[in-house]
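# Chains, contacts and geometry: an overview
The primary structure of each chain is shown beneath.
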Amino acid sequence: MIYIDNNATTRVADEVIQEMLPYLEQFYGNPSSMYGFADTVNKKVQQARAQVAEFINADPGEIIFTSCGTESDNAAINAAINAFPQKKHIIATEVEHPAIRSLCFHLQDKKGYKVTFVPVDKKGRLDFDTLYKAMSDDTAIVSVMWANNETGVIFPIAEIAEKVKEKGIWFHTDAVQGAGKIPIDVKAAGVDMLSLSGHKIHAPKGIGVLYVRKGIKFSPFLIGGHQEKGRRGGTENTASIIALGKACELAKANIPLMNTQVREIRDYLETRLLDEIPATSVNGDRGNRLPNTLSIGFDAVEGESILMLMNQAGICASSGSACTSGSLDPSHVLMAMQVPFKSAHGTIRFSLSHYNTKAEMDTIVETLIPAIDRLRQMSPFWKD
Amino acid sequence: MIYIDNNATTRVADEVIQEMLPYLEQFYGNPSSMYGFADTVNKKVQQARAQVAEFINADPGEIIFTSCGTESDNAAINAAINAFPQKKHIIATEVEHPAIRSLCFHLQDKKGYKVTFVPVDKKGRLDFDTLYKAMSDDTAIVSVMWANNETGVIFPIAEIAEKVKEKGIWFHTDAVQGAGKIPIDVKAAGVDMLSLSGHKIHAPKGIGVLYVRKGIKFSPFLIGGHQEKGRRGGTENTASIIALGKACELAKANIPLMNTQVREIRDYLETRLLDEIPATSVNGDRGNRLPNTLSIGFDAVEGESILMLMNQAGICASSGSACTSGSLDPSHVLMAMQVPFKSAHGTIRFSLSHYNTKAEMDTIVETLIPAIDRLRQMSPFWKD
Amino acid sequence: MWNYSEKVMEHFLKPKNVGELEGANAIGETGSLNCGDALKLYLKVNENERIIDASFMTFGCASAVASSSALTEIIKGMTLDDAAKVTNDDIADYLGGLPKEKMHCSVMGQAALKKAIADFRGIQILEKPGEMICECFDVTDLEIIDAVKNNGLENTEDVTNYLKAGGGCGKCLDRIEEVVHKTMATMEAHSEAE
Amino acid sequence: MWNYSEKVMEHFLKPKNVGELEGANAIGETGSLNCGDALKLYLKVNENERIIDASFMTFGCASAVASSSALTEIIKGMTLDDAAKVTNDDIADYLGGLPKEKMHCSVMGQAALKKAIADFRGIQILEKPGEMICECFDVTDLEIIDAVKNNGLENTEDVTNYLKAGGGCGKCLDRIEEVVHKTMATMEAHSEAE
Ligand SMILES: Cc1ncc(COP(=O)(O)O)c(C=O)c1O
Ligand SMILES: Cc1ncc(COP(=O)(O)O)c(C=O)c1O
Ligand code: FES
Ligand code: FES
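Residues numbered from 1 in each chain as written. Chains lettered and ligands numbered in written order. Predicted model: local features only at pLDDT ≥ 70, side-chain atom pairs only at ≥ 80, totals over all residues. Heavy atoms only, no water.

### Thoughts on the UniProt feature "domain: BFD-like [2Fe-2S]-binding" (unreviewed entry) in chain C
When the UniProt feature table is mapped onto this chain numbering, "domain: BFD-like [2Fe-2S]-binding" (unreviewed entry) sits at residues 132–180 of chain C. Helix and strand shares over residues 132–180 of chain C are 55% and 10% respectively, and the end C-alpha atoms of the span are 14 Å apart. (UniProt positions renumbered as here; feature names shortened; annotations may be inferred. Helix = DSSP H or I, 4+ residues; strand = E, 2+ residues; numbered from the N terminus.)

Structure below.
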């Protein structure tokens, strides 16, 4: 099997499993309990918190463990809403993940909020003018993702954060895709809140992080017990927290690999596909992308069909539409970039990890050449 | 070590770990992806959904996986708020878990809701009169827990649900503690929504369930992707979902054991403590309690001290206060029951699982007799 | 991944009758590039109005390809009158069923066939009147309004049972509910006025 | 579990000077059953105002017991004047530190000691004026208001740094913030009026 869908989810690293297993099997105590058995767990959770903090250059006290990237994103927006109940405006981008985007629609449709969705250009780059002009005294929060999950396009977070903070507005960034692929430094970037998700960096699914800068008046999204210093109710997901700590340690060490080995292999795949399959185009700013991501459109064929043919060859990738929902529309990201339908429908996202090899890229190319050809032969929109 | 704190959290069953491990180590695919590798996971998630449904006599389509009991509770209340934006009244009980109670306070203090907290009597039994009289056209939801986590007192959910539903009001129950200890049947009980938490029934921490009856107009609490049929965003926590399925299957099979072996051992512990330690009293309705729970107060001594002495002997239990938060107040449950301070401060909760043995109960008694005596000898409030 | 039947996979991986058909005298086109789903159906019809050959060109997902392939197999040898009776269910059945989110692929097949027949007969097919509500099952608001008024439907579930609309991907459910509500409100207003 | 020092555990598991003290001529009581925390301190003071023996009875958590035990050890042999200078920090230091949520246990020790000394000297101790805001560090609203007005404190963090209030369990932080805000608002109103 060739797994090249690492922006969707990643293999749990062996080291991570080894680290968490004892806390599933043996040390099952509730970390806030009053006995030594729970203390063992609690200390290890503290260690994990320090590892996560180290990964993004935060203080351990600024790390809140959540259940996933989506919860982190929801919690960030919720905190701003609670902190500024009188402010009814939010700024996000057109290419945010549904964890921000759908929430914004909900707030707009049901809760009386006005949301500015900042557009992008054809290469997926933000329209800063719109962003900065939209800021007002009524703006509760600005949320801009660190890097886009579909195209890998990276946004200049430090620069945006500075402009937003000048106005005294809270700034949140969804760094779910940036983390582990490029360096993330919350202090250097000057962000107020930042979301991470474990399963994108070789930890298990079902664990996330919300970084909340010290000084931010945070109110919890999950309201319940005293866990996470009262900032997130619910018994701590100890084994997964410990796993995430380890995963962050590994991810930090692997960043250089991402920028060399992984980038090289990705570029190799990209070049071969562009060279050997006609009417093929890359989506997103090639000069400013995550080193592991390649979004590529094949004219006149449809993504799911390509995926099915790749699956026959044991290759796991994603298409450019939310096809699992039965929707035939290209993703909101490709639409926002005004990618023409002809290539948007035939877009495939390849997303690598350090586990991928160059040999795998050759197999992918050899599989795709005949597959695309066959589909084009039956497409009413293909004319060579 | 003697672990007798199973209302706090439970040991993950070996069978559960075996079931989930392949989905951590090997089958890490995102279940909604378009390749066979993800399909393996998806099928297993479907099986887990069916196992959970079977456990509470629901349909698989009525099961939403969440990250914990707290999230399930929050999501239930949130759904009612969204479904009836014009209704500004909520009914809960004084003895709900913070996952309901703190949320209600938040809604009251910050969101303009009025909350009726139904009181209990000295044995922890609900004041039905107050509950039924509080219901009005303005009531968005009534939430009553199936069984209390501290005392184990069981509430007559089917009876309450009937009365609430007569008025056309939504009814939610937090069955986090009831589940796995007594039979739970959502159809027979006639509830609209019901919360479960995995780590209370020998699944890992960080996985929960919200049952939502078909026909209830549910709106998601975590807003994001299409997961869980659009009812809960966030990549599915596959390994833990699969673990929970297995845990539900085991829990269902173990219920008879709970009512025989576990109940007997609990009663044995209770009898010995009452007989052999003077000035000791049980909190809660002894005639109508979970078979595994014993809340018992030792006059004139303080809970944390007792826990520390038990810890010296390798015994893990809880006290009757939220002492981890540094608070010295007895729990809101004991306060609501008007347990006198003299015994409330000295309350210990023992909560058993089927892993406990009678021999362990003897060790507990032999440890407590001298421990309580020693603490009383230094207590200014103890006079024999 | 979709729970495709073996038959679907077979017809996707080895579709029958692919390509333009030389000498075709009836062509039906449906869908579009923008929709992400399009089918061009070619028929060769003899003087007895019997389909002696059929082929297709399809742009779309695996089940769109499979539905097209199945359709051509089904209708080859039929008279146009018989072919006109082929429904999307026939196509789905032929394939051993389709995931409900993919039923629209079989609807596309049926639509292209209708157009090809009309093309042969020189008839102009009018677009269905009304606004498309359910794309999976090709149901418009007028059809729903009609069913609510005449068949006593009261909610979305009734509509799905009666017209299938909403029983696929489900993305139209909100709009169905809206239509039902509005229609019932109008009916009430009317009956009160009477 | 609390991160108790070895010294705390030692003084909890084997407390020194437990029990009523026969012939005690100075007694200080603080806390109550309802609070969950109470200490009764017994001193035997000689004619030179030197503490020749001390003992305690404590109801409370491990650190309350340990603090009481430590206190009696610290003050045995001291003159009352020296003992009057013993602070809660001395008690905590003696124990190798206390978790910040448990600092109130050492405060309780200091309070009982003050009362015992007053008892011996026949002085009536007045309750501190004002409303108790921070129980961990025994700080009232009047003390906070005073510090805000006279020492230029501007927020809760300042208050914690200056008066310790809020640096323990933290449950008083909201109320501290309230007091600070109100005080600053009044000050502004005044300066504007001037
Ligand atoms: C009655 C009750 N409800 C809810 C919860 C919260 O569950 P979780 O810790 O999984 O969020 C608990 C346990 O802590 C509980 O006992
Ligand atoms: C940019 C981005 N944000 C948020 C998420 C949501 O993360 P999770 O699935 O952990 O909720 C994802 C991944 O799906 C993502 O790519
Ligand atoms: S549009 Fe898919 S079911 Fe109606
Ligand atoms: S009351 Fe605990 S820090 Fe103030």
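### Notes on the domain arrangement of chain C
All names here are of chain C. One can read the domain layout of chain C as domain 1 (6–121) and domain 2 (132–193). Distance between the C-alpha centres of domain 1 and domain 2: 29 Å. Between domain 1 and domain 2 lies a buried interface of about 540 Å² when both sides are counted; carbon and sulfur atoms form 61% of it. Between the two partners, domain 1 and domain 2, sit zero residue pairs in polar contact (both at pLDDT 80 or more). In terms of residue count, the dominant contributor to the side of domain 1 that touches domain 2 is helix α5 (residues 103–121) (three residues). Residues that form the side of domain 1 that touches domain 2 fall into these classes: two nonpolar, one polar and three charged. (Domains from an automatic or database assignment. Buried area = accessible area lost by both parts, 1.4 Å probe. Polar contact = N/O pair within 3.5 Å; in protein donor to acceptor, adjacent residues only side chain to side chain. Nonpolar A, V, L, I, M, F, W, Y, C, P; charged D, E, K, R; others polar.)

### Some words on unusual backbone geometry
Of note, the phi angle at Asn57(B) is positive, near 60°, even though the residue is not glycine. Along the chain, Asn57(B) falls in the loop between α2 (36–56) and β2 (63–66). Backbone geometry places Glu49(D), a non-glycine residue, at a positive phi of 60°. Given a relative accessible area of 26%, Glu49(D) falls into the partly exposed group. (Buried < 20%, exposed > 50% of the residue type's maximum accessible area, 1.4 Å probe, protein only.)

### Considerations on the UniProt feature "domain: NIF system FeS cluster assembly NifU N-terminal" (unreviewed entry) in chain C
Here the UniProt-annotated "domain: NIF system FeS cluster assembly NifU N-terminal" (unreviewed entry) positions come out as residues 4–124 of chain C. Along residues 4–124 of chain C, the helical share is 44% and the strand share 21%, with 35 Å between the first and last C-alpha atoms.

### Some thoughts on the interface of chain A and chain B
It is common to give the size of an interface as the accessible area lost on bringing the parts into contact. On the side of chain B, 60 residues touch chain A, which itself brings 60 residues to the contact. Between chain A and chain B the total buried area reaches about 4900 Å² when both faces are included, carbon and sulfur atoms providing 67% of it. Area buried by chain A at its contact with chain B is led by Tyr28(A), Met34(A) and Ile223(A), which between them contribute 16% of it. Applying the counting criterion to the chain A and chain B interface returns zero salt bridges. The tally of links from chain A across to chain B stands at 16 residue pairs in polar contact (both at pLDDT 80 or more). (Contact = heavy atoms within 4.5 Å. Salt bridge = Lys/Arg side-chain N within 4 Å of Asp/Glu carboxyl O.)

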